[in-house]
Amino acid sequence: MSDIETIEVPDTSDVEEMPVDGQEAASQESIEDITKDGLSKIISATKASMALPTGASRDLYTAQPSFIRVMNQESDKILNILGKILKHQNIKGNIKRRDDDEKTDLILECNDSMLERINSNLDEMSGLKKAPEVVLVQAELSGNAPEKKRSSLTGKTSDAKLLTARNILRPQVNFKVPVDNRNSTPFEPKIKYKPNSLKPLAVLPEYGEDGNIESYLHPYETELNRFDVPEEQLTKTEPQKPKSLAETPLVFVDSAEKLEEIMKELEKFKEIAIDLEHHSYRSFQGFTCLMQLSTRVKDYIIDTLALREDLHVLNEVFTKPSIVKIFHGADCDIEWLQKDFSLYVVNMFDTHQAARKLNFARVSLAYLLKHFCQIEADKTFQLADWRIRPLPEELVAYARQDTHFLLYIYDMLRNELLKKANFQPNWLKSVYQQSTEICMKRYVKVRLTPESHLNLYTRSKKNFDNRQLFAFREIYNWRDVVAREEDESYGYVLPNHMLFYIAEMLPREMQGILACCNPVPPLVRQHLLHLHKIVLKARDQPLEKIIVAEERPRVAPGELININSFLYCPHDLPQGGEIKDNLPTLLAGNLLGAKSSVIRVNLVKSHPQVSVFEAPAAQKSLPKIAFVSPYQRYRAVIPIAEEEKRKAQQLEEMQKQKRRLCPDASEIVPEVLDIKQEPNFSGKRRSEGSADEVKAKIPRVETQREQPRVPEKDEKPKLSRNQRKKMKKMQAEAKLNEFDYTSVDFSKFQGGSKSGEKAGRQQYASQFRSRGQKAKNADKRLNKIFR
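Computed from a prediction, not measured in an experiment: that's the story for all the values here. (Residues numbered from 1 in each chain as written. Predicted model: local features only at pLDDT ≥ 70, side-chain atom pairs only at ≥ 80, totals over all residues. Heavy atoms only, no water.)

### What about the overall build of the protein chain?
Phase 1: Counting its secondary structure elements, the protein chain contains 29 helices and 12 strands.
Phase 2: Here the protein chain, with 787 residues, has 36% of them falling under the buried criterion.
Phase 3: Looking at the protein chain as shown, the accessible area adds up to about 51300 Å², and 52% of this sits on carbon and sulfur atoms. (Helix = DSSP H or I, 4+ residues; strand = E, 2+ residues; numbered from the N terminus. Buried < 20%, exposed > 50% of the residue type's maximum accessible area, 1.4 Å probe, protein only. Areas by Shrake-Rupley, 256 points an atom, 1.4 Å probe, with all protein chains shown as cover.)

What follows is the structure in structure tokens.
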């Protein structure tokens with residue numbers, strides 16, 4: 001056992017010191033030195049591993065806890081180093097959780113990848129293998145126009161050109177921070193430093209109803225809300241005409257050192273013109289390829305692909321409130337600056353918003369160049385691929401014109417806004433306010449929802465059945481997943497018209513899917529088997545019905561419709577039926593193709609009853625009487641109606657008793673009851689007319705009790721002497737003429753004041769006295785009314 005204790009475990013510290021990130025290898029002077037250093041470390045590691053005990057000797061060593069502890073520690077160190085190397089070489093898999101065979105496979109895969117890359121780099125250095133050169137491809141889009149526009153900058157006449165290139169290396173591969181295209185996570189601002197701040201930096205999340213993060217607050221929201229336009233930007237200025245492009249120096253910025261130099265220059269100016277060039281065809285979210293800056297004396301072009309991780313320092317200038325930043329149509333530019341460079345803008349003037357405020361015929365930059373500078377904008381390279389490096393001279397000249405003349409346009413628009421507002425700053429302030437609202441926009445990633453495909457389907461004119469709609473939804477979701485994984489746009493993976501054609505035709509064979517695409521997108525050919533399975537699954541669905549246009553959702557998912565709003569006007573189309581286009585119409589005086597038809601219009605009125613252009617007719621002077629409100633009249637009628645109801649009940653009891661004593665007199669009851677129900681009838685005597693004439697003059701009043709039988713026309717009821725007396729008395733009590741509101745003097749109405757109450761008391765007192773009631777009973781009745 002003493003021999004075992006004296007044996008030392010080989011030191012594996014040399015293995016831990018092996019270069020992982022290539023920094024030590026990069027410090028060597030030549031390939032020979034790198035090779036010698038690598039071989040020496042491999043030999044030392046091999047010797048250390050061969051010195052470890054094996055066989056029966058290892059069994060003896062494993063019996064000692066100290067040996068096991070040391071071996072486990074060294075094994076963990078080696079596995080950690082191997083894990084870092086695998087991660088650096090983009091080899092997927094956790095080596096710590098694999099068995100021995102799987103660990104060996106991962107190491108062999110990593111060795112093959114590294115050796116293949118080393119051989120490729122050595123061939124390129126020796127000249128055996130050359131990197132593919134970028135080949136420009138240019139196509140003219142002549143169209144049908146016989147005349148060609150002449151550019152005022154170059155003096156050449158040409159049509160729009162599609163400038164692209166072959167063998168372009170995808171810029172996303174070299175991004176230090178990979179692009180996050182995940183559907184589950186919202187866009188998070190990457191800003192780490194907040195210059196010109198009024199509130200400390202805080203990237204705060206916003207949570208939805210389900211508790212998940214939906215978005216993040218704007219880092220400069222406080223500064224934008226408190227921003228006040230400087231006074232010197234609200235006064236009239238003398239426009240400064242820019243120099244020509246040939247006389248203006250141009251600075252191309254493609255390194256961090258040059259970026260620091262232009263930062264010092266830009267801080268000296270009060271106005272800066274800014275524009276961006278963006279690429280979105282070979283990227284899911286798109287990326288900014290170029291940034292143009294212009295001052296009064298110099299133009300700058302910044303290669304944003306090379307300085308993508310360094311441009312956040314421009315926040316020192318872009319968020320400075322004393323420097324106005326001039327954009328044209330900055331709605332997308334503001335979002336691109338946030339997404340790609342974590343740049344934000346404070347104090348912006350959008351010439352597009354100013355042109356809209358002035359009601360120009362057009363609001364494009366080309367129109368403003370023609371209107372103020374008499375320059376025909378060169379739009380020949382409007383469809384250029386801005387990923388091309390090195391940047392061709394034609395694209396450099398094209399990019400400069402977007403900002404070179406923008407400061408002069410800003411001066412002219414500023415003076416025009418002051419002139420239109422009588423040299424008051426209100427119009428100019430409104431443009432600054434609209435521009436500030438644009439600066440507060442936040443970039444939002446495209447999110448895939450279960451109803452996303454319906455937004456595209458409703459905009460089309462297709463009527464799919466359930467099979468076609470199933471295939472459309474599944475292919476749409478497949479396209480979204482592939483576009484996010486490959487970082488490609490929807491148009492590159494599968495254009496919309498090809499998506500609709502495949503879902504509509506549902507081809508049985510894979511060749512039929514390829515036939516629906518012309519040309520066939522590369523990713524469609526790569527995932528052809530998966531698309532074929534989707535189509536076959538859609539064909540197996542039971543055919544139910546055709547989903548027509550009326551059944552499509554007319555609003556976005558989650559949007560509520562207020563059908564009670566006066567703004568809600570549904571289309572006047574038949575519901576649940578087929579829309580016909582052969583209904584009768586009036587067209588050129590003919591009805592349904594008739595040879596001749598005369599359309600006669602009967603005018604109901606020759607002139608309006610009320611007109612604001614005619615003087616009102618002279619009104620006759622009306623007698624002025626005290627006004628009694630309708631509510632007071634209603635309260636006055638209530639006791640009379642109760643009295644009539646009580647008397648009607650008494651009369652009905654009398655008639656019932658009389659029918660029991662004299663059954664032959666029951667036929668006079670209906671007319672008597674009808675007469676007794678009328679609270680407002682004339683006070684003529686019975687002898688002045690027949691019962692039918694009296695009933696014709698008496699307005700009927702509906703009661704809650706059941707209406708009696710109506711007597712025939714020739715029937716004449718026979719009334720007793722007591723009945724005639726009671727009927728005459730009721731006629732006298734129920735006499736209350738209809739009130740004429742046209743004779744009211746509303747100027748004396750005081751809304752229930754004492755004067756109105758006094759007048760009402762006098763009127764009702766006179767009515768009660770005319771009925772023969774005593775003064776004491778009349779006062780009680782009046783107190784009850786005006787209580």
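### Observations concerning the state of the cysteines
Phase 1: As enumerated under the stated definition, the model contains zero disulfides in all.
Phase 2: Cysteine C516 is unpaired, with the sulfur of C517 as its nearest cysteine sulfur at 6.3 Å. (Disulfide = S-S within 2.5 Å.)

### Thoughts on the packing of aromatic side chains
Phase 1: Inspection of every chain in the model, using the stated rule, returns 19 aromatic pairs.
Phase 2: Taken together, a centroid distance of 5.7 Å and an interplanar angle of 35° make the contact between Y220 and Y344 tilted. Taken together, the residues Y220 in the loop between β4 (213–216) and α8 (221–225) and Y344 in the loop between α11 (331–341) and β10 (348–350) connect sequence positions 124 residues apart. You'll find Y220 and Y344 in the same group, each marked buried. (Phe/Tyr/Trp six-rings, centres within 6.5 Å; stacked < 30°, edge-to-face > 60°.)

### Overview of the pairing of β4
Phase 1: Direction of pairing for strand β3 (residues 205–207) relative to β4: antiparallel, over a ladder of three bridges. Its bridge partner being in β4, Y207 is matched across the sheet by I213.
Phase 2: Turn length for the β3-β4 hairpin, with the two strands adjacent in sequence and antiparallel, is five residues, and the turn residue G211 shows positive phi of about 90°. (Pairing = 2+ DSSP bridges.)

### Some words on helix α15 (residues 406–420)
Phase 1: Helix length check: α15 (15 residues) gives 21 Å between terminal C-alpha atoms against 21 Å at 1.5 Å per residue, within 8%.
Phase 2: For α15, the buried fraction is high: 11 of the 15 residues fall into the buried class.
Phase 3: Restricting attention to buried positions, one finds in α15 the residues L406, L407, Y408, I409, Y410, D411, L413, R414, N415, L417 and L418.
Phase 4: Of the residues trailing α15, N422 is marked for its positive phi of about 55°. (Expected span 1.5 Å × (residues − 1).)

### Side note on the confidence of the model for the protein chain
Phase 1: Per-residue confidence for the protein chain gives a mean pLDDT of 78, with 67% of residues at or over 70.
Phase 2: This stretch, residues 1–28, has a pLDDT under 50; its non-local contacts, to residues over four places away or in other chains, come to 33 contacts.
Phase 3: When the criterion is pLDDT under 50, residues 665–691 qualifies, and its contacts beyond four places in sequence or with other chains add up to 69 contacts. (pLDDT = per-residue confidence, 0-100. Contact = heavy atoms within 4.5 Å.)

### Let's talk about the sheet that holds strand β9 (residues 324–327)
Phase 1: Read from one edge of the open sheet, six strands run β5-β8-β7-β6-β9-β10, paired in mixed fashion. Because the sheet does not close on itself, it has two edges, and the strands there are β5 (250–253) and β10. Pairwise comparison of adjacent strand axes, ignoring direction, gives a mean angle of 25° for this sheet.
Phase 2: Sheet topology note: the β5/strand β8 (residues 299–303) ladder contains four bridges and is parallel. Bridging across to β8, F252 finds its partner in I301. (Axes fitted to C-alpha atoms, helices over the stretch in contact; angles between N-to-C directions.)

### Some words on a nonpolar patch on the surface
Phase 1: A surface patch of nonpolar side chains, amounting to about 530 Å² of accessible area, comprises I31, I34, L115, I118, L122 and M125.
Phase 2: Looking at the nonpolar patch, the element that brings in the most residues is helix α7 (residues 100–126), giving four residues.
Phase 3: Within the fold, L115 resides in helix α7. (Patch = residues over 30% accessible without salt bridge, like charges linked within 9 Å, V, L, I, M, F, W, Y side chains within 5 Å. Salt bridge = Lys/Arg side-chain N within 4 Å of Asp/Glu carboxyl O.)

### Concerning the nonpolar core
Phase 1: One finds M291, L293, I302, L314, F318, L337 and F349 to be the most contacted residues of the largest nonpolar core, which totals 64 residues.
Phase 2: Examining the composition of this core, we find that eight residues originate from one element, α15, more than from any other.
Phase 3: In this structure, L337 is in contact with L276, M291, F318, F327, S342, L343 and V345, ignoring residues within four places of it in sequence.
Phase 4: In this structure, F472, M498, L523 and V524 belong to the second largest nonpolar core, which totals 33 residues. (Core = buried A, V, L, I, M, F, W, Y, C linked by side-chain atoms within 4.5 Å.)

### Brief notes about the environment of K339
Phase 1: Within the fold, K339 resides in helix α11.
Phase 2: Separated by 106 residues in the primary sequence, K339 and K445 place their C-alpha atoms 9.5 Å from one another.
Phase 3: Sequence-distant contacts of K339, that is, excluding residues within four places in its chain, are made with F187, H278, Q285, G286, F287 and Y443.
Phase 4: Within the structure, K339 has its side chain in polar contact with the side chain of D340 (distance 2.8 Å). (Polar contact = N/O pair within 3.5 Å; in protein donor to acceptor, adjacent residues only side chain to side chain.)

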